[in-house]
Amino acid sequence: DAGVIQSPRHEVTEMGQEVTLRCKPISGHNSLFWYRQTMMRGLELLIYFNNNVPIDDSGMPEDRFSAKMPNASFSTLKIQPSEPRDSAVYFCASRSGQPTEAFFGQGTRLTVV
Amino acid sequence: KNQVEQSPQSLIILEGKNCTLQCNYTVSPFSNLRWYKQDTGRGPVSLTIMTFSENTKSNGRYTATLDADTKQSSLHITASQLSDSASYICVVTDQGAQKLVFGQGTRLTINP
């Protein structure tokens, strides 16, 4: 298995532009998580899905952020419009039930200028 | 508020030496506790996972301990190697909300 696959690995965009981050979870995993990591705040959970259904999106910072999981093998995190303070590394992780570990992707480093 | 506090924030030791990283948590009810290793520019990778009833778990040179009564965990690294340089993150699962609550991590640097 190739693990959790995220794309792109790096994204540089101008303020105000729409950004879409993509994630392919490990096949068979039924939970998917989106995290944001910054030096100041560490890893923060943005949203997680269970069986493609959003369970908790209380970590989504504001309405500019949205996430979808149209099927078990694909999820997107969209920021519209992007702002410089959104610059961070965004991780996607998946797992198969509790208490199994969550496997993380390589992350997408987003820079908004 | 559920929190996970790690100490120290950063640590520098010489290759071959041992070290211990600390994690205190207030997450309740508690489901399990994980230690992750995150290399620079990479995603976190799980080292150990412990449930409420487990006191210690080893993974090679890494040994994690858990005291569920005092809500403390430690990660001990034996005979450190240069490749151990990374951030080590303590993660506690909130049983009620099924959330992973992350500590800020300890940045470990191994010098030759």
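All of these numbers come straight from a predicted model, not from anything done at the bench.

Undergrad: I'd like a description of the interface of chain B and chain A, backed by residues and values.
TA: At the junction of the two partners, chain B supplies 20 residues and chain A supplies 21 residues. Roughly 1,600 Å² is buried in total at the junction of chain B and chain A, and carbon and sulfur atoms are behind 45% of that figure. In this assembly, chain B and chain A are joined by zero salt bridges. Taken together, the links from chain B to chain A amount to five residue pairs in polar contact (both at pLDDT 80 or more). Those elements giving two or more residues to the side of chain B that touches chain A turn out to be strand S4 (30-38), strand S5 (45-51), strand S9 (86-94) and strand S10 (99-102) of chain B. A per-element tally of the side of chain B that touches chain A places S4 of chain B first, with five residues. In terms of residue class, the side of chain B that touches chain A is built from seven nonpolar, 10 polar and three charged.

Undergrad: Any details on the state of the cysteines? Residues and values, ideally.
TA: Overall, the coordinates contain two disulfides over all chains when judged by the stated rule. Note that Cys 23 of chain A is cross-linked by a disulfide to Cys 92 of chain A, the S-S spacing being 1.9 Å. Every disulfide takes its handedness from the sign of the S-S torsion; for Cys 23 of chain A and Cys 92 of chain A that torsion is -70°, giving left-handed. In this pair, Cys 23 of chain A is assigned in strand S3 (residues 19-24) and Cys 92 of chain A in strand S9 (residues 88-95), connecting sequence segments 69 residues apart. Each member of the pair, Cys 23 of chain A as well as Cys 92 of chain A, is classed as buried. Covalently, Cys 23 of chain B is tied to Cys 90 of chain B through a disulfide, its sulfur atoms 2.0 Å apart. Taking the sign of the S-S torsion, -70° for the link of Cys 23 of chain B and Cys 90 of chain B, the bridge is left-handed. Linking Cys 23 of chain B in strand S3 (residues 19-25) with Cys 90 of chain B in strand S9, this pair joins segments that are 67 residues apart in sequence. Judged by its relative accessible area of 0%, Cys 90 of chain B is buried.

What counts as what
Residues numbered from 1 in each chain as written. Chains lettered and ligands numbered in written order. Predicted model: local features only at pLDDT ≥ 70, side-chain atom pairs only at ≥ 80, totals over all residues. Heavy atoms only, no water. Contact = heavy atoms within 4.5 Å. Buried area = accessible area lost by both parts, 1.4 Å probe. Salt bridge = Lys/Arg side-chain N within 4 Å of Asp/Glu carboxyl O. Polar contact = N/O pair within 3.5 Å; in protein donor to acceptor, adjacent residues only side chain to side chain. Helix = DSSP H or I, 4+ residues; strand = E, 2+ residues; numbered from the N terminus. Nonpolar A, V, L, I, M, F, W, Y, C, P; charged D, E, K, R; others polar. Disulfide = S-S within 2.5 Å. Buried < 20%, exposed > 50% of the residue type's maximum accessible area, 1.4 Å probe, protein only.

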